[in-house]
Amino acid sequence: MGGFDVLGVDLDGLRDTITTLRGCADTLEQQSRRVGAHVFGISNEEAGRNYSASGAAVQHGFEHIAACLHRWSAVTAATADVFDRAAAEYARIDHERAAAVSGVHP
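What counts and what doesn't
Residues numbered from 1 in each chain as written. Predicted model: local features only at pLDDT ≥ 70, side-chain atom pairs only at ≥ 80, totals over all residues. Heavy atoms only, no water. Core = buried A, V, L, I, M, F, W, Y, C linked by side-chain atoms within 4.5 Å. Buried < 20%, exposed > 50% of the residue type's maximum accessible area, 1.4 Å probe, protein only. Helix = DSSP H or I, 4+ residues; strand = E, 2+ residues; numbered from the N terminus. Contact = heavy atoms within 4.5 Å. Salt bridge = Lys/Arg side-chain N within 4 Å of Asp/Glu carboxyl O.

Draft legend 1. Summary view of the nonpolar core. The biggest cluster of nonpolar side chains holds 6 residues, and these are Leu11, Leu14, Ile18, Leu21, Ala80 and Ala87. Of all elements in the fold, only α1 (11-37) and α3 (52-102) reach the threshold of two or more residues within this core. With 4 residues, α1 is the single largest residue contributor to this core. If near-sequence neighbours (up to four positions away) are discounted, Leu21 is found in contact with Thr76, Thr79, Ala80 and Phe83.

Draft legend 2. The arrangement of the pattern of salt bridges in detail. All chains considered together, the criterion is met by 5 salt bridges. The closest approach of N and O atoms between Arg22 and Asp81, which form a salt bridge, is 2.7 Å. Placement of Arg22 in helix α1 and of Asp81 in helix α3 is noted, with a sequence separation of 59 residues between them. On the basis of relative accessibility, which here comes to 30%, the residue Arg22 falls in the partly exposed class. Between Glu96 and Arg92 there is a salt bridge, and its shortest N-O distance comes to 2.5 Å. Taken together, the residues span about one helical turn, with Glu96 and Arg92 both in helix α3 at a distance of 4 residues. Several salt bridges share partner residues, and in doing so they unite Arg22, Asp81 and Asp84 into one network.

Take it as geometry only, folks, not as evidence of what the structure does.
Pasting the structure below:
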């Protein structure tokens, strides 16, 4: 029967994941702002006199995409925060347990 000879959490790997998640959240937020900043078709001059309804629909689509990117960014950042707190708590508990065990003599 196979098994593991180490039981633990790879804190360095978890911290790398947290860093990656934070970078992704920042990128998503930047893209949300970029998409949201591009106004399209909110008047006849921008979309064309005969295409104002189409222009408004495209603009609505851009706004929807920007909102989705913003929410995705927020959720990604929240996930990084949870992982960060979990890593800190795991490290704290591991340190406490190691200190307690080192005080026990056979």
